[in-house]
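The primary structure of each chain is shown beneath.
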Amino acid sequence: MIQVLVVEDDLVAADAHRMYVERVPGFAVAAVAHSRAEAVRALERTPVDLLLLDLYLPDGHGLQLLRALRAAGHSADVIAVTSARDLAVVREGVSLGVVQYVLKPFTFATLRDRLVRYAEFRAAAGEASGQDEVDRALGVLRSPEPARLPKGLSGPTLEAVTRALRAAPDGVTARAAGEELGISRITARRYLEHLVTVGRAVRSPQYGQIGRPELYYRWVSRSGR
């Protein structure tokens with residue numbers, strides 16, 4: 001079993017990531033940490049093969065944690081789970097042993113694809129017969145299939161809905177999101193419900209002036225994530 005340490009400060013997301021990992025055969029969650037300090041303590045008492053690492057932690061950047069771990073001799077591989085899209089951060093992460101990046105929000109299928117490919121990469125053993133075999137081994141890790149969203153959802157629209165949701169600290173209704181993005185209320189609601197399903201949003205009813213409840217959706221991560 002590949003032992004995984006989930007490092008994620010958002011409690012809802014951490015629980016979702018733990019459940020996702022446990023659904024993939026061959027993987028087990030050794031521990032869950034909600035901060036850099038908790039991650040260090042977990043690694044001191046529990047050997048792990050892979051970190052599922054959020055880059056925005058309350059007590060330091062995830063790459064700061066990774067640099068400290070490398071200096072201390074920890075060799076576990078890392079899959080970064082983050083909203084960060086700065087390619088300079090990506091390059092630094094690769095130099096520190098980040099083998100995959102998974103951008104939030106994501107589905108179980110997305111993470112499962114990365115984990116399965118990582119397992120295939122780890123399983124490669126023996127001596128390569130030539131350059132082609134080396135390229136194939138690396139290709140398993142570096143060339144994942146495009147993430148599959150539920151039928152009828154598109155990546156660009158999901159990103160647009162996500163941005164609108166994150167920009168509304170008091171929450172947003174499906175109707176308001178649809179009007180802002182130029183899509184129907186029903187379409188906006190499908191994307192908002194998807195974000196709830198993957199643990200990136202919560203919904204709650206609020207009563208308006210006419211006394212009828214309306215669902216409001218709120219991003220679950222702290223500002224800037």
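From a predicted model like this one, the values you see are computed outputs, not experimental measurements.

1. Quick notes on the pattern of salt bridges
- Counting across every chain of the model gives eight salt bridges.
- Salt-bridge contacts for Arg163 lead to Glu159; the nearest nitrogen and oxygen are separated by 4.0 Å. Remark: Glu159 and Arg163 occur in helix α7 (residues 155–166); sequence separation between them is four residues, near one turn of the helix.
- When its relative accessible area of 41% is taken as the criterion, Glu159 is described as partly exposed.
- One continuous salt-bridge network, built from bridges that share partners, spans Glu8, Asp54 and Lys104.

2. Some words on the nonpolar core
- Counting 22 residues, the largest nonpolar core has Leu5, Val7, Leu51 and Leu53 as its most contacted members.
- Elements supplying a minimum of two residues to this core: β1 (2–7), β2 (27–33), α2 (36–45), β3 (50–54), α3 (62–71), β6 (77–82) and β7 (98–103).
- Here the element with the most residues in this core is α3; it accounts for four residues.
- Not counting chain neighbours up to four residues away, the residues in contact with Leu5 comprise Ala31, Val32, Ala33, Ala39, Ala42, Leu43, Val48, Leu50, Leu51 and Leu52.
- Membership of the second largest hydrophobic core comes to 20 residues, among which are Leu52, Val81, Phe108 and Val198.

3. Overview of the environment of Thr197
- Mapped onto the elements of the fold, Thr197 is located in helix α9 (residues 185–197).
- Expressed as a C-alpha distance, the spacing of Thr197 and Phe108, which sit 89 residues apart in the sequence, is 10.0 Å.

The rules we used
Residues numbered from 1 in each chain as written. Predicted model: local features only at pLDDT ≥ 70, side-chain atom pairs only at ≥ 80, totals over all residues. Heavy atoms only, no water. Salt bridge = Lys/Arg side-chain N within 4 Å of Asp/Glu carboxyl O. Helix = DSSP H or I, 4+ residues; strand = E, 2+ residues; numbered from the N terminus. Buried < 20%, exposed > 50% of the residue type's maximum accessible area, 1.4 Å probe, protein only. Core = buried A, V, L, I, M, F, W, Y, C linked by side-chain atoms within 4.5 Å. Contact = heavy atoms within 4.5 Å.

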